[in-house]
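Below, each chain spelled out in residue letters.
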Amino acid sequence: YLFVNGRPVRDRLLLGVVRAAYQDYLSADRHPVVVLFLTLPPQEVDVNVHPAKAEVRFRDGQTVRSLLIHGLRDALAEAG
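Here the structure is a predicted model, which means the values were calculated and not measured.

Glancing now at the overall build of the protein chain. What the protein chain contains, in helices and strands, is 2 helices and 5 strands. The order of α-helices and β-strands along the protein chain, N terminus first, is β-β-α-β-β-β-α. When its C-alpha atoms are laid out on the principal axes, the protein chain stretches across 35 × 25 × 20 Å. Counting only residues that meet the buried cut, the protein chain has 31% of its 80 residues in that class. Counted over contacts in the protein chain with a minimum sequence separation of 6, partners at least 24 positions apart contribute 65%. Counting only carbon and sulfur atoms, one obtains 52% of the accessible surface of the protein chain, whose full area is about 5,800 Å². Averaging the coordinates of the 10 positive side-chain charges in the protein chain and doing the same for the 9 negative ones gives two points 8 Å apart.

With that settled, the discussion passes to a nonpolar patch on the surface. Among the surface-exposed residues, Tyr1, Val35 and Phe37 lie close enough to one another that they form a single nonpolar patch of about 400 Å² accessible area. As for its placement among the helices and strands, Phe37 is situated in strand β3 (residues 36–38). Here Phe37 falls in the exposed class, since its relative accessible area comes to 57%.

Ranked by internal contacts, the top residues of the largest apolar core, which has 21 residues, are Val4, Leu14, Leu38, Phe58 and Leu68. Counting only elements with at least two residues in this core, the list comes to β1 (2–4), α1 (12–22), β3 and α2 (61–79). The contacts of Leu38, once residues within four sequence positions are left out, are Phe3, Val4, Asn5, Leu14, Phe58, Val64 and Leu68.

Cut-offs applied
Residues numbered from 1 in each chain as written. Predicted model: local features only at pLDDT ≥ 70, side-chain atom pairs only at ≥ 80, totals over all residues. Heavy atoms only, no water. Helix = DSSP H or I, 4+ residues; strand = E, 2+ residues; numbered from the N terminus. Buried < 20%, exposed > 50% of the residue type's maximum accessible area, 1.4 Å probe, protein only. Contact = heavy atoms within 4.5 Å. Areas by Shrake-Rupley, 256 points an atom, 1.4 Å probe, with all protein chains shown as cover. Lys, Arg positive; Asp, Glu negative; His and termini not counted. Charge placed at Lys NZ, Arg CZ, Asp CG, Glu CD. Patch = residues over 30% accessible without salt bridge, like charges linked within 9 Å, V, L, I, M, F, W, Y side chains within 5 Å. Salt bridge = Lys/Arg side-chain N within 4 Å of Asp/Glu carboxyl O. Core = buried A, V, L, I, M, F, W, Y, C linked by side-chain atoms within 4.5 Å.

See the structure below:
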C-alpha cells in the first residue's frame, strides 16, 4: 500500500523502490508487504497525471527514489 501526501497511489517508481530495497532480503518468487506513507511538499508532486488521481509524478524522481531505497534498506538492515 502506497500513500503520497495521504492519497493512495499506484506508482511505478515507488513499486520499483520497494522491489530494489527488498531484493537482498527476498527471493525472486517472493513479494514484500509494505505500507509506505510518503509526505512531500505539494509543489514536489503532480497528482494530475491520472484522471482518478491514482498515479503521481515527482518533480525530482531520482532523488525520491534514492532517498527511499536507502531509507528502506537501512530500516531493513537495522531490523535484522
